[in-house]
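# Structural features, examined
Here is how the chains run, residue by residue.
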Amino acid sequence: MNKFWQVIVAILIIGTFLFSCNKEKERKINGVSFVATPHKVTETHITPVVALHANYAAIMPFGFVKSIAHPKVLFNTNKQWYGETVVGVNQNIIMLKKSGIKIMLKPQLWVWDGVFTGIIKMNTEEDWRLFELGYERFILTFAEVAEKNDVAIFCIGTELEFFIKHRPEFWENLIKKVRAVYKGKLTYAANWNEYTQTPFWAKLDYIGVDAYFPLVNEKTPSVNGLRLAWDKPKLLLKKYSDSLQKKILFTEFGYRSVAFTAHKPWDVAYDKTTVNLQGQTNATKVLFEQFWKENWFAGGFLWKWFPDYVNSGGVHNARFTPQNKPAEEVVREVYLKYK
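## What about unusual backbone geometry?
That bond from tryptophan 303 to lysine 304 is cis: its omega, -5 degrees, falls within 30 degrees of zero. Structurally, the position occupied by lysine 304 is in strand β11 (residues 297–305). One non-glycine residue, histidine 53, lies in the positive phi region at around 70 degrees. Within the element layout of this structure, histidine 53 appears in the loop between α2 (43–51) and β2 (56–59). Its relative accessible area of 18% is what places histidine 53 among the buried residues. A positive phi angle is found at asparagine 324, which is not glycine, with a value near 55 degrees. When you line up the elements, asparagine 324 lands in the loop between β11 and α10 (326–337). Judged by its relative accessible area of 30%, asparagine 324 is partly exposed.

See below:
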């Protein structure tokens, strides 16, 4: 081979390498929050996830606390849906992975009396000990499931601001115990107004944020208005990411298809207002525009996705899911681009 062709071959090899690196840099976590079912998941449930071009799914087994006055953590019971039990989580993971979908396992707490998990605070040291024992058992049980199934990401908690603030030592020890049984990447799902106060990011792999930032108080938020409103929170997220040298991961993101959807995205009172598909579409589009192109941003998990696709969402549905709504096409287009 003469020198001319040697040069050409070298250029082609280098070009292919650079292209591959660029594709790897652009690839995002295009996730859905996959809601548990009362029965086994089948290919019928997973085909729409693949068609969305999602490459990740968050599996979310719930643990339950009756109230702050009754701090025992219950999980993996025969009263729960199949998809929230250890057996069901295993089955869901296996089926999703068969279709090429990677997993974030994200066990979450639910308080029966309606108390927001972010303000859970026990009344006595005895109650704290009981609560911590139950929570640790809950998390370590599913950390073992994550390791057994070669799960890509494990989330150690969701929106537990007061629990972290008042019991920091517990969390330091919990992370060590999780690391002892699970070898994948770790995150925590901090609420949008909590992430800068979370003290243990250095010990995790991603800065997890549930991205329900209040943006604009408009019935149908405009694209331009949303772009401007994202300037400050986006800058703060980037600065925080840079300061810790870790990528931001939206452990949850999404908008209800209601009026004023970007004002207080977490406020369930808006569930009863007029359905507004355009507001959800605009807000979803701008969030993708703002973040999916950024190197310091890892991707995120859409809240939320129901396995019974045909009967989920729709143009008369006011909830978060984009299924069978115009916003679904926005998600599909972006997930295909960054797949």
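Further notes follow.
## Things to note about the nonpolar core
Looking at soluble globular proteins, one finds that nonpolar side chains tend to be buried together. Counting residues in hydrophobic clusters, the biggest one holds 85 residues, and the most contacted among them are Tyr135, Phe154, Ile156, Trp171, Val178, Phe250 and Trp292. Considering each element in turn, this core owes the most residues, ten residues, to helix α4 (residues 125–148). In this structure, Tyr56, Ala58, Cys155 and Leu249 belong to the second largest nonpolar core, which totals 17 residues.

## Remarks on α2
Turning to α2, its buried residues are His45, Ile46, Pro48 and Val49. Taken down its axis, α2 places every buried residue within 150 degrees of arc, on the same side. Those residues of α2 that are exposed and angled more than 90 degrees off the buried face are Glu43 and Thr44. In this structure, the buried side of α2 is in contact with β1 (29–34), α3 (86–98) and β11. One or two steps after α2, the chain reaches histidine 53, where phi turns positive at roughly 70 degrees.

## A closer look at α10
Between the first and last C-alpha of α10 there are 18 Å, a value that for twelve residues agrees with the 16 Å anticipated at 1.5 Å per step. The complete set of buried residues in α10 reads Ala327, Glu328, Val330, Val331, Arg332, Val334 and Tyr335. Each element contacted by the buried residues of α10 is listed here: β1, α2, β10 (248–253), α9 (277–291) and β11.

## Details of the pattern of salt bridges
With the rule as written, the count across this model stands at twelve salt bridges. The salt bridge partner of arginine 332 is glutamate 329, with a shortest N-O separation of 2.5 Å. Of this pair, arginine 332 and glutamate 329 both sit in helix α10, separated by three residues, roughly a single helical turn. Assessed through its relative accessible area of 19%, arginine 332 is described here as buried. Counted as one network, the salt bridges with shared partners bring together Glu125, Arg129, Glu132 and Arg167.

## Describing the side chain of lysine 246
Within the secondary structure, lysine 246 is located in the loop between α8 (231–244) and β10. Residues contacting lysine 246, with those up to four places away along its chain left out, are Trp201, Ala202, Leu204, Asp205, Ile207 and Ser241.

Thresholds, definitions, all that
Residues numbered from 1 in each chain as written. Predicted model: local features only at pLDDT ≥ 70, side-chain atom pairs only at ≥ 80, totals over all residues. Heavy atoms only, no water. Helix = DSSP H or I, 4+ residues; strand = E, 2+ residues; numbered from the N terminus. Buried < 20%, exposed > 50% of the residue type's maximum accessible area, 1.4 Å probe, protein only. Core = buried A, V, L, I, M, F, W, Y, C linked by side-chain atoms within 4.5 Å. Arc of directions from axis to C-beta. Contact = heavy atoms within 4.5 Å. Expected span 1.5 Å × (residues − 1). Salt bridge = Lys/Arg side-chain N within 4 Å of Asp/Glu carboxyl O.

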